[in-house]
Amino acid sequence: MNHRSLAFRLTVWYALLLSATFALVGAGLSYGLEQYLRSTLRDSLRRRSVQVQQILAQAPADVADSAVAEAIETRVAPEFNNRFVRVTRAPASLVYRAGVPADRSFDPALVPLQTDAWPAAVAVRPIATAAGQMMISMTPVEAASGKYLIELGTALGPIEALQHRLLRLLAVMLPVLVVCAAGGGYLLVQRALQPVERMAQTAERISVLNLEARLPVAATGDALQRLSTSLNNMLSRLRDSVAISRRFLADASHELRTPLTIIKGELQEAMAREPGGSEVGERIGSVLEEVARLEYLVSGLLVLSRLDAGDARREWADVNLGELAAGTIEHMRLVADDRGVQLQASALAPVTVRGDARRLKQVIVNLLDNAIKFTPRGGVVGVTTRQHEGFGLLEVFDSGIGIPPESLARVFDRFYRVDAAHSRDEGGAGLGLSIVRSICSAHGAEIEVESTSGSGSRFRVRFPQPAEVPVGASAT
Ligand code: ADP
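These figures come from a predicted structure and were not determined experimentally.

**Let's talk about the overall build of the chain**
In step 1: Looking only at helices and strands, one finds 10 helices and 12 strands in the chain.
In step 2: Relative to the globule expectation of 23 Å for 476 residues, the C-alpha radius of gyration of the chain, 51 Å, shows a markedly less compact shape.
In step 3: Seen through its principal axes, the chain has C-alpha atoms that stretch 165 × 45 × 40 Å.
In step 4: Put simply, the chain has 476 residues, and 39% of those count as buried.
In step 5: Within the chain, counting contacts between residues at least 6 apart in sequence, those at least 24 apart form 64% of the total.
In step 6: Counting only carbon and sulfur atoms, one obtains 58% of the accessible surface of the chain, whose full area is about 26200 Å².
In step 7: For the chain, the separation between the mean place of its 51 positive charges and that of its 50 negative charges on side chains is 7 Å.

**Here we look at a nonpolar patch on the surface**
In step 1: Where nonpolar side chains cluster on the molecular surface, the patch consists of V12, W13 and L16 and spans about 330 Å² of accessible area.
In step 2: Note that L16 resides in helix α1 (residues 6-58).

**Description of the packing of aromatic side chains**
In step 1: Taken as a whole, this structure holds 2 aromatic pairs when the rule is applied.
In step 2: Seen from their ring centres, F84 and F106 are 6.1 Å apart, and the 80° between their planes marks the pair as edge-to-face. Remark: F106 occurs in the loop between β2 (93-97) and β3 (123-129) and F84 occurs in strand β1 (residues 84-89); sequence separation between them is 22 residues. This pair shows no difference in class: F84 is buried, exactly as F106 is.
In step 3: Aromatic pair F412 and F459: ring centres 6.2 Å apart, planes at 85°, arrangement edge-to-face.

**Topic: the nonpolar core**
In step 1: With 43 residues, the main nonpolar core has L367 and L368 as its most contacted residues.
In step 2: Looking at this core element by element, the count peaks at 7 residues for helix α7 (residues 357-373).
In step 3: Each of two domains, domain 2 (223-308) and domain 3 (314-464), supplies a minimum of three residues to this core.
In step 4: Apart from residues no more than four positions distant in its own chain, L368 is found in contact with T328, I329, M332, L343, V381, V383 and V396.

What counts, and at which threshold
Residues numbered from 1 in each chain as written. Predicted model: local features only at pLDDT ≥ 70, side-chain atom pairs only at ≥ 80, totals over all residues. Heavy atoms only, no water. Helix = DSSP H or I, 4+ residues; strand = E, 2+ residues; numbered from the N terminus. Rg over C-alpha atoms; globule rule 2.2 N^0.38 Å. Buried < 20%, exposed > 50% of the residue type's maximum accessible area, 1.4 Å probe, protein only. Contact = heavy atoms within 4.5 Å. Areas by Shrake-Rupley, 256 points an atom, 1.4 Å probe, with all protein chains shown as cover. Lys, Arg positive; Asp, Glu negative; His and termini not counted. Charge placed at Lys NZ, Arg CZ, Asp CG, Glu CD. Patch = residues over 30% accessible without salt bridge, like charges linked within 9 Å, V, L, I, M, F, W, Y side chains within 5 Å. Salt bridge = Lys/Arg side-chain N within 4 Å of Asp/Glu carboxyl O. Phe/Tyr/Trp six-rings, centres within 6.5 Å; stacked < 30°, edge-to-face > 60°. Core = buried A, V, L, I, M, F, W, Y, C linked by side-chain atoms within 4.5 Å. Domains from an automatic or database assignment.

Next up, the structure:
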């Protein structure tokens, strides 16, 4: 469990609040119950005292103690009702004392005699006796037969026992309740965070490649809904600005082509007029080289902008990669021979992929062109095609200079070159592999490279088989 997660922290707060609430409610309940029971007990003691009071008030002046005792036993039945009753005649003669109660909650013999001055009015109070805590009401009575003190009480033990039982029950219930509520709370918080999780998953998949995708909008009518709507609006604005810059790139590279063609034509014409070996002729020649490089760059940018616009998906058909590779190798054999590099085309199995043949050929051309460019004389460059684990595989390998590990992840970036000077000498502008990757993405294919500095590289393109080509495969 992630201790820093929102769900965990909310649950801990929830559990703490809940425990505090339960503890407060438990303490309040126990206190309230005690107060209620004590006040009920006081009322009951008062009522019974009144009964004894009536017996004494109605008794004749010469009433015998035994008659008083009998009347009390009959009307109040203290032992049966678990009550303590003691009647004392002033100054200190015991008239009656009830026996041991039915529930044996106290021993009447242990309740101390009231030696202090008798109370002037009815007094009910808790008293600690050798028989335990008791609640005793004391009622002074003036009757014809004399002055009496009626003591009527009961043990507080049963109330305390009830209170303890309640507290014990709460102590057992509280952790169980808190654990259940916290568990439920955790699940609820996780459920409440699910829309955020879904938004995050979708956001993970959104990149500049698929700015048409939108986050799911949680119809919660709160901050969450506002957040997803605002993020979607932001995505729309991003898509618009990316579209503007793509259009700019496409327009700029398109517009540059015509003046470049005119400059090239003019320069070629001027060069033709110069006598061979003249200084001006040589200068025009080197400017022409730069113009050729510019042309290459501009056409690369134009290709990329067209791929960005989804151009590669227009002319799709079933393409046999094996045949396409064989044809391309034959076209490039001259270049390879020229550089003293041996071209191998021995393992070209027929592999059908769905795509734009012209663009797929460009993938093979760019990969082969690099392989030949970066392989010293006497080296080997090869192409293989085969079916593998449900994919159509195209591999271009060489025994060339290889790519240093720190550059492996960047070689597909636009304008990235490991050794800019060398690459420039070779006429490269750092666009070849980004065009390859864009075409691959448009075909739902993945490209990866393995390379060891000094011993060669292997570019592997994995095409989905025709039935699996994703409908929305997009261009980079
Ligand atoms: P360029 O047009 O400059 O060749 P690319 O995008 O085709 O640009 O390649 C980018 C860089 O990756 C190259 O400059 C080169 O340093 C490196 N690279 C590409 N293919 C190979 C290869 N087969 N062997 C060694 N380095 C390579």
